[in-house]
Amino acid sequence: MRPAWLEVSLDALAHNFHLLKEKANGAQVIGVVKANAYGHGAVEIGKELLRLGAWGLAVATPQEARALREAGVVGRILLLGSLHPEQAQAVAELELIPSISTLQSAEALNALGKPIPVHLEFDTGLGRSGFPVEEAHLVRERFAQYENLLIQGIYSHFADAEENARWTEEQIERFMEVRRAFGPGYFYHLCNTAGTLGFGGCGLSAVRPGIGLYGLLPGWGLRPIARLLAKPTQVRKLPAGYRIGYGGLYTTQVEEWIATLPVGYADGIPRLVFNRATVRYRPPGSAEPLACPVVGRVSMDQITVRLPEAVGLDQVFEVATADHDPTSSLWGWAELTGTVSYEPAVRLSPRLARVYLRGGVEVARVG
Ligand SMILES: *Cc1c(COP(=O)(O)O)cnc(C)c1O
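The structure displayed is predicted, hence computed values, not measured ones. (Residues numbered from 1 in each chain as written. Predicted model: local features only at pLDDT ≥ 70, side-chain atom pairs only at ≥ 80, totals over all residues. Heavy atoms only, no water.)

## Describing the UniProt feature "modified residue: N6-(pyridoxal phosphate)lysine" (unreviewed entry) in the protein chain
- UniProt's entry tags K34 with the feature "modified residue: N6-(pyridoxal phosphate)lysine" (unreviewed entry), counted in the numbering of this structure.
- In this structure, K34 sits in helix 2 (residues 34-38).
- K34 gets classed as partly exposed once you look at its relative accessible area, which sits at 28%.
- What K34 contacts, discounting residues up to four positions off in sequence, is A58, V59, A60, E64 and L80. (UniProt positions renumbered as here; feature names shortened; annotations may be inferred. Helix = DSSP H or I, 4+ residues; strand = E, 2+ residues; numbered from the N terminus. Buried < 20%, exposed > 50% of the residue type's maximum accessible area, 1.4 Å probe, protein only. Contact = heavy atoms within 4.5 Å.)

Written as structure tokens, this is what we have:
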């Protein structure tokens, strides 16, 4: 096995799932596992979410759904995003629940001549996809004519639930207008993670958390579920004045211990965190982990870190920690590079093996 891997805690996933479900006042949870479960591995995460009692899973593309079906997932799979009419066939074949926000896609699905449950999406203020709220009555009448489409759910998506409470409340109000137009008997859902935490799931049938399941949001008691781990492939004592890495962006000041870790930007470490990120390790016999700076450029496949002392090649380093540390976590990498934690998470490369732990014991390994 390559001495670099992603360790995923199914216990932390369960903790986050239960915390979000409680925040949503017990509403159903649609586990969002698009983009390979935000980099954590959709098959194992998806199966675990269903075991935990999720109503179903949500993905962004039919290809993502196919990977789940081929791995034996038989539960409900909601296909997010505005369905393109050309995707109708795949929806039927994979037995997906599509999101419908145009009449063209509805007609393409209806024409397949097979009953299909659908969720209608309304645009309450994200401005990305969905039927207009003002047309709710019209949409309802139109769908009564599609003999093969069974409206199972109705949903919308927030633009800014973490930052802008006023706009979010406006979106909730517009969604309630849609609900009044359709009445009871449908599966209504609106809240992403931020909406679930900040607005209690809005009292609807279900919530659709993604990022919260993976714990990549500080401040709510959520736990990051993954650590990126690596063992050094070389540990050297270098003299003062030694240039390290592409472009010579770091030069040793004194005699320094430098370790090379076999992970780089092709594994998902942002290239821009050089000389700012840290990695951690626990020296033998020490209770406290030590933070070590990443020195010099992040290469495609390797990084170099400065150590206080020599370590053996068996020493495990936490390249990404399972917390919200500003320099050593996925969340911290996002802060350092001006983005959101979603991005470093989804960029965790498939070439890293994913090792799944339950109760500290390995229960599955992918890659
Ligand atoms: C990605 C996505 C979610 C999950 O959002 P988080 O912010 O990760 O919780 C929910 N609903 C839709 C429609 C999405 O596209």
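From this point, the discussion proceeds with the structure in view.
## So, the UniProt feature "active site" (unreviewed entry) in the protein chain
- The UniProt record marks K34 and Y246 with the feature "active site" (unreviewed entry), using the residue numbering of this structure. In three dimensions, the annotated residues from a span of 213 residues occupy distinct locations, with a maximal C-alpha spread of 34.6 Å.
- As for its position among the elements, Y246 is in the loop between strand 13 (243-244) and strand 14 (250-251).
- Discounting chain neighbours no more than four positions away, the residues touching Y246 are R297 and S299.

## Considerations on the site of the ligand
- Lining the immediate environment of the ligand, one finds 13 residues, of which K34, Y38, T193, I211 and Y342 sit closest.
- In the environment of the ligand, an oxygen atom lies 2.6 Å from a nitrogen or oxygen atom belonging to the side chain of T193.
- The contact in question runs from an oxygen atom of the ligand to an N or O atom on the side chain of Y342, over 2.6 Å.
- Here the ligand loses 92% of its free accessible area of 390 Å² to cover by the protein chains.
- A class-by-class count of the residues in the shell around the ligand yields six nonpolar, four polar and three charged. (Near = heavy atom within 4 Å. Polar contact = N/O pair within 3.5 Å; in protein donor to acceptor, adjacent residues only side chain to side chain. Areas by Shrake-Rupley, 256 points an atom, 1.4 Å probe, with all protein chains shown as cover. Nonpolar A, V, L, I, M, F, W, Y, C, P; charged D, E, K, R; others polar.)

## Some remarks on the domain arrangement of the protein chain
- On domain assignment, one finds that the protein chain holds domain 1 (10-207) and domain 2 (226-366).
- Each of domain 1 and domain 2 was reduced to a C-alpha centroid, and the two centroids are 37 Å apart.
- On the domain 2 side, the residues contacting the 13 residues of domain 1 number 14 residues.
- Between domain 1 and domain 2, roughly 1,000 Å² of surface is buried when both sides are summed, and carbon and sulfur atoms account for 55% of that area.
- Among the residues domain 1 hides against domain 2, the three largest losses belong to L10, Y38 and H40. Together they make up 45% of the total.
- Taken together, the connections running from domain 1 to domain 2 amount to one salt bridge.
- Between E48 and R358 there is a salt bridge, with its nearest N and O atoms 2.5 Å apart.
- For the interface between domain 1 and domain 2, the tally reads five residue pairs in polar contact (both at pLDDT 80 or more).
- Counting residues per element, the side of domain 1 that touches domain 2 draws most heavily on helix 3 (residues 42-52), which supplies four residues. (Domains from an automatic or database assignment. Buried area = accessible area lost by both parts, 1.4 Å probe. Salt bridge = Lys/Arg side-chain N within 4 Å of Asp/Glu carboxyl O.)

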